[in-house]
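Chain by chain, the residues:
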Amino acid sequence: MKTLLLVDGSSYLYRAFHALPDLRNRGGEPTGAVYGVLNMLRRLKKDVPAEYAACVFDAKGPTFRDALYPQYKANRPSMPDDLGAQIAPLHEAAAAMGWPVLVVDGVEADDVIGTLTCAAQQAGLHTVISTGDKDLAQLVNPQVTLVNTMSNETLDGPGVAAKFGVGPDGIIDYLTLVGDPVDNIPGVAKVGPKTAVKWLAQYGTLENLIAHAAEIKGVVGDNLRAALDWLPQARELVTIKCDVELPLGIEDLKWGATDAATLARLFEHLEFKSWLRELQGQGSRIEDRGSSKDGDAHSASETIPQSSIPNPQSSPVQRHYETILTEAQLDHWLTRLDAAPLVALDTETTSLDEMRAELVGISFAIEPHHAAYLPLEHRYAGAPPQLDRAAVLEKLKPWLEAADKPKLGQNLKYDMHVFANYGITVRGVVHDTLLESFVFESHKPHDMDSLARRHLDVTTITYDDVTGKGASRIGFEQVAVERATEYSGEDADVTLQLHQALYPAIEADEKLLKVYRDIELPVLDVLFTMERNGVLLDINQLVRLSHEFGMRMAEFEAAAHDLAGQPFNLNSPKQIQEILFTQQKLPVVKKTPSGQPSTDEDVLQRLALDYPLPKKILEYRALSKLKSTYTDKLPRMVGQRSGRVHTHYAQAGAATGRLASSDPNLQNIPVRTADGRRIREAFIASPGSRIVSADYSQVELRIMAHISQDASLLAAFAAGHDIHRATAAEIFNVATEQIDAEQRRYAKVINFGLIYGMSAFGLASQIGIDRAAAQQYMDRYFARYPGVADYMQRTREQARERGYVETIFGRRLWLADIRAGGGPRRQAAERAAINAPMQGTAADLIKLAMATVQHWLERRRLGAKLIMQVHDELVLEVPENELDEVKVQLPALMSGVAKLDVPLVVDVGVGANWDEAH
């Protein structure tokens, strides 16, 4: 299940302002709150794997609650000037870090979070809300979790009940009774948490309590009865609004690219020096691959480079971590490494950017509770003499590059890049605990901290413990060698122990072992190679496009102003609503829950068919998004040494197995519009080479045919028919050759929509017909393809019975809400159960194809190289003298990775750029 991460930015802003020291830059400007919130956002982005995210802040001005109750928040002092001064730089920095930032007039951040949470639930997403606000506990359910990043508290349903004495469904009633002094919302006089919990335990709900108010004795009963007229209004005030009209949807909340130039400017102005160094490739590894830890340990002796560290477990096991400072120690460890059946390996570095990271130290573990740390570049007053880095790497290189020397790590792809920066190709990677966790329990967090707690009952040392916090944070190169030994030695030790806990469970399950051994491990090497290869960009093309888009945006804006008869903000739903429906009297297509005319994307698209102003607004917004997301940012992300863009592929992100691309996200480069395709034209081949695209054709529909064993679908694919035309012929009961373009379009929507669980209402909206007609088409579809209907029903039942579904290859996809009592949560889980085997199998196929193609390229010693993986497509850069061989072999290799009951078809294109090849 995909995840939406929502951050209550305003809550954390206030807390950071009051909790942190009064930090200021040389100009006397306050910076502490900005630093605190950004630090938290950085940690969250690493600690919570999420496909979608938003950082939500309160807007200026009154909200609907002020209209309901003029005394709302009346006792709050005005915002301190030093706090207000930090809002704008915080918003800008958060956006530059890739966070979608939301500020919606007329409501509070809580209401925006509530609305997005409900939308995510309907879309079948898991939501993690990071907040310090107790009111948001009312949103918790099996699909929604609260985390308080500042206190490390996580609240699910039982957690809410344990903390407040009532479950999430009782929080609103609880808050109504106790009131909220901070917001100046009175409750029942003299009623605190204990009394409220007692009443709700006895009467169940506020409504039932009110009905029995006469039974409550004493002064507190009198107070309850005196408040009866007020309680409905109080309840409305504490209830989070979940139907706010928002200017965007869930799909608009995908991570943005990091704007390094903006961050560098802000960090320099705010004097966040360590973060600035990090951006410039000199900073410490503030965020690591899940190796955040908390616990403490005793320091190692300076005279004897070994420390005995108490294990934080209840058992008396002692951990022995050695510091390698002499040639004799290094030689001793090299002998041990060479003879070891398996070595856990970890690096400490100077940067999060794996392409520029420099080694500070290396740790090894061969047996549990024993490890060694090899410091190489610790620089601080009094640092002990360390072995020369270049000489050490020369000695380690034969072992690191030996394919027959087994190695293990937690996200070893990162460490492989670090060593590659020194000309070392790490071979012999046989295990990775990140991937073991992903295969074993894809629905849970895979960072080392979570894994250690979950599987070892170990609380580990945090990065903050060794580097400090806030303005006093130091780079890892400044950490005392003794302390670094404890921290990094634990990294390697815990990784080894996690492998010993996880791998036997995978090995015992033949299906999981196949996914791990035959799919995920081979892909690790391929992704490393792809990331290293990078993609060549035509910077001049992007610069030209950016300028052109800016000019056209100005033209669209001016044209929109002319059509409206006045200037207005083309990004403001309120202003658009006023102009379109109040001034120009355009027809109201649909309304928001509050009864106002909606101005969402769908409404504008429908109005644009008949009216020029909505069309101009859409044209402006489309260009604006392309410019800000791609043409402006991509040139700034080109590597200085390589001249190429090096994306990062997350292998253990989506539970379905799909890869995720970030910094920059190359999987979301638009392809359906002419302007979007022009951006793809900027992805080019080097001189003497061409871009080759190989794309599985309609792979999920083919997988549906294989899994469902529907006779008509199998026959259509076996005969090589156009499946959408064949479906249209079945639904409309006419000959295939008589199907027109509109009928084929309907069939295409149905084919793809039904495997994603589309309802008749959704189908009607998609193709612009009434619901009854849409239902009739769906009924005809299932009548013609009964195997598909049987598959859907069978899958729902199996998912409810087992709690998960599987891909063809055995990847297990867990469904947390499949046994929910009913309603949207279970319906979303059932839709996911139907689609996940197809989407997961497609992910498995493309991963198998990547490994197969890369192995062939290496075996044939070709100059062609894989440079991108996007959805069901592989993109290669191929020397022109190898084109004929690659064009012939690619389809054969990719279609041959699995034998399905329908043919796997691969379309291959060639061009000077990506768009031309696709």
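What counts and what doesn't
Residues numbered from 1 in each chain as written. Predicted model: local features only at pLDDT ≥ 70, side-chain atom pairs only at ≥ 80, totals over all residues. Heavy atoms only, no water. Helix = DSSP H or I, 4+ residues; strand = E, 2+ residues; numbered from the N terminus. Rg over C-alpha atoms; globule rule 2.2 N^0.38 Å. Buried < 20%, exposed > 50% of the residue type's maximum accessible area, 1.4 Å probe, protein only. Contact = heavy atoms within 4.5 Å. Areas by Shrake-Rupley, 256 points an atom, 1.4 Å probe, with all protein chains shown as cover. Lys, Arg positive; Asp, Glu negative; His and termini not counted. Charge placed at Lys NZ, Arg CZ, Asp CG, Glu CD. Pairing = 2+ DSSP bridges. Disulfide = S-S within 2.5 Å. Phe/Tyr/Trp six-rings, centres within 6.5 Å; stacked < 30°, edge-to-face > 60°. Lys NZ or Arg CZ within 6 Å of the ring centre and 35° of its normal. Axes fitted to C-alpha atoms, helices over the stretch in contact; angles between N-to-C directions. Parallel < 35°, antiparallel > 145°, perpendicular 65-115°, else oblique. Nonpolar A, V, L, I, M, F, W, Y, C, P; charged D, E, K, R; others polar. Core = buried A, V, L, I, M, F, W, Y, C linked by side-chain atoms within 4.5 Å. Expected span 1.5 Å × (residues − 1). Arc of directions from axis to C-beta. pLDDT = per-residue confidence, 0-100.

Draft legend 1. Summary view of the overall build of the chain. What the chain contains, in helices and strands, is 37 helices and 24 strands. Taking 29 Å as the expected radius of gyration for a compact globule of 918 residues, we find that the chain reaches 29 Å, a close match to that expectation. C-alpha extents for the chain along the principal axes are approximately 80 × 80 × 55 Å. Within the chain, the proportion of its 918 residues that are buried is 55%. Of the contacts formed within the chain by residues at least 6 apart in sequence, a portion of 68% connects residues at least 24 apart. As displayed, the chain has an accessible area near 37800 Å², and 51% of this comes from carbon and sulfur atoms. Of the charged side chains in the chain, 96 are positive and 121 negative; the average position of the first set lies 2 Å away from that of the second.

Draft legend 2. Representation of the sheet that holds strand E15 (residues 644–645) within the structure. Overall, antiparallel pairing links the 3 strands, which are arranged E15-E14-E18 in an open sheet. The open sheet is flanked by E15 and strand E18 (683–684), the only strands paired with a single partner. Bridge count between strand E14 (residues 535–537) and E15: 2 bridges; the pairing is antiparallel. Across the sheet, residue valine 535 finds its bridge partner in E15, namely valine 645.

Draft legend 3. Representation of the state of the cysteines. Counted by the stated rule, this structure contains 0 disulfides. Cysteine 55 takes part in no disulfide bond, and the closest cysteine sulfur to it belongs to cysteine 242, at a distance of 19 Å.

Draft legend 4. Main features of the packing of aromatic side chains. As enumerated under the stated definition, the model contains 18 aromatic pairs in all. Seen in terms of ring centroids, tyrosine 746 and tyrosine 777 are 6.0 Å apart; in terms of plane orientation they differ by 50 degrees. Their pairing is tilted. Of this pair, tyrosine 746 sits in helix H31 (residues 741–755) while tyrosine 777 sits in helix H33 (residues 771–784); the two residues are 31 residues apart in sequence, bridging distant segments of the chain. Grouping residues by exposure puts tyrosine 746 and tyrosine 777 together as buried. Of the aromatic side chains, those joined through ring pairs into one cluster are Tyr35, Phe267, Phe272 and Trp275. Lying over the aromatic face of tryptophan 333, arginine 336 brings its terminal NZ or CZ to 4.6 Å of the ring centre.

Draft legend 5. Spatial organisation of the packing of H31 against H33. The contact between H31 and H33 brings their axes to 11 Å, and the two run at 70 degrees. Between H31 and H33, the interaxial angle falls into the category roughly perpendicular. Across from Tyr746, Ile750, Asn751 and Leu754 in H31, the residues of H33 making contact are Tyr777, Met778, Tyr781 and Phe782. Taken together, the residues of the contact of H31 with H33 sort by class into 7 nonpolar, 1 polar and no charged.

Draft legend 6. Main features of the nonpolar core. Counting residues in each nonpolar core, the largest one holds 117 residues, and the members touching the most others are Ile679, Phe683, Tyr696 and Met894. When residues in this core are grouped by element, the largest group, 12 residues, is from helix H35 (residues 824–860). Among all residues touching methionine 894, those that are not within four sequence positions of it are Ala694, Tyr696, Ile846, Ala849, Val853, Leu874, Leu904 and Val906. Tyr69, Val107, Ile129 and Val191 belong to the second-largest nonpolar core, a separate cluster that totals 55 residues.

Draft legend 7. Looking closely at helix H34 (residues 786–802). For H34, which comprises 17 residues, the first-to-last C-alpha distance of 24 Å matches the rise-based estimate of 24 Å (1.5 Å per residue) to within 8%. Turning to H34, its buried residues are Gly787, Val788, Tyr791, Met792, Thr795 and Ala799. Along the long axis of H34, the arc covered by the buried residues comes to 140 degrees, so they all point the same way. Buried residues belonging to H34 abut helix H28 (699–708), helix H29 (711–718), H31, H33, strand E20 (804–806) and H35. Backbone geometry just downstream of H34 places glycine 803 in the positive-phi region, at approximately 85 degrees.

Draft legend 8. Layout of the pairing of strand E23 (residues 873–879). Among the 7 residues that make up E23, 7 are buried, leaving the element largely enclosed by the rest of the structure. Side chains of E23 alternate between two faces, with Glu873, Val875, Glu877 and Pro879 and Leu874, Leu876 and Val878 buried alike. By the bridge criterion, 7 bridges tie strand E19 (residues 689–696) to E23 in an arrangement that is antiparallel. Paired with serine 693 across the two strands is valine 875, which belongs to E23. The pairing of strand E22 (residues 865–870) with E23 spans 5 bridges and is classified as antiparallel. Opposite valine 870, over in E23, you have glutamate 873 as the bridge partner.

Draft legend 9. Geometry of the pairing of strand E9 (residues 343–349). Along E9, 7 of the 7 residues are buried, which leaves the element largely enclosed by surrounding structure. By the alternation rule, side chains of E9 split into Val343, Leu345, Thr347 and Thr349 and Ala344, Asp346 and Glu348, which are all buried. Judged from the 2 bridges that link them, E9 and strand E12 (residues 407–409) form a sheet pairing that is parallel. Bridged to valine 343 within E12 is lysine 407. Bridge analysis of E9 against strand E10 (residues 359–367) gives 6 bridges, and the strand direction is antiparallel. Paired with glutamate 348 across the strands is glycine 361, a residue of E10.

Draft legend 10. Layout of the confidence of the model for the chain. Confidence in the prediction of the chain, expressed as mean pLDDT, is 88, and 95% of residues score 70 or more. Scored below 50 in pLDDT, residues 282–316 makes 131 contacts in the model with residues more than four places away or belonging to other chains.

Draft legend 11. View of unusual backbone geometry. Proline 664 follows aspartate 663 through a cis peptide bond whose omega is 0 degrees. With respect to the element layout, proline 664 can be found in the loop between strand E17 (660–662) and helix H27 (674–680). Despite not being glycine, aspartate 663 shows a phi value in the positive range, around 50 degrees. Mapped onto the secondary structure, aspartate 663 falls in the loop between E17 and H27. What makes aspartate 663 partly exposed here is its relative accessible area of 36%. Positioned with a positive phi, asparagine 733 is a non-glycine residue whose angle comes to about 55 degrees. Topologically, asparagine 733 is positioned in the loop between helix H30 (723–732) and H31.

Draft legend 12. Layout of the sheet that holds E19. As summarised here, the arrangement of the 4 strands in space is E22-E23-E19-E24, forming an open sheet in which the pairing is antiparallel. Looking at which strands have only one partner, the edges of the open sheet turn out to be E22 and strand E24 (906–911). The average angle at which neighbouring strand axes cross in this sheet is 20 degrees, direction not considered.

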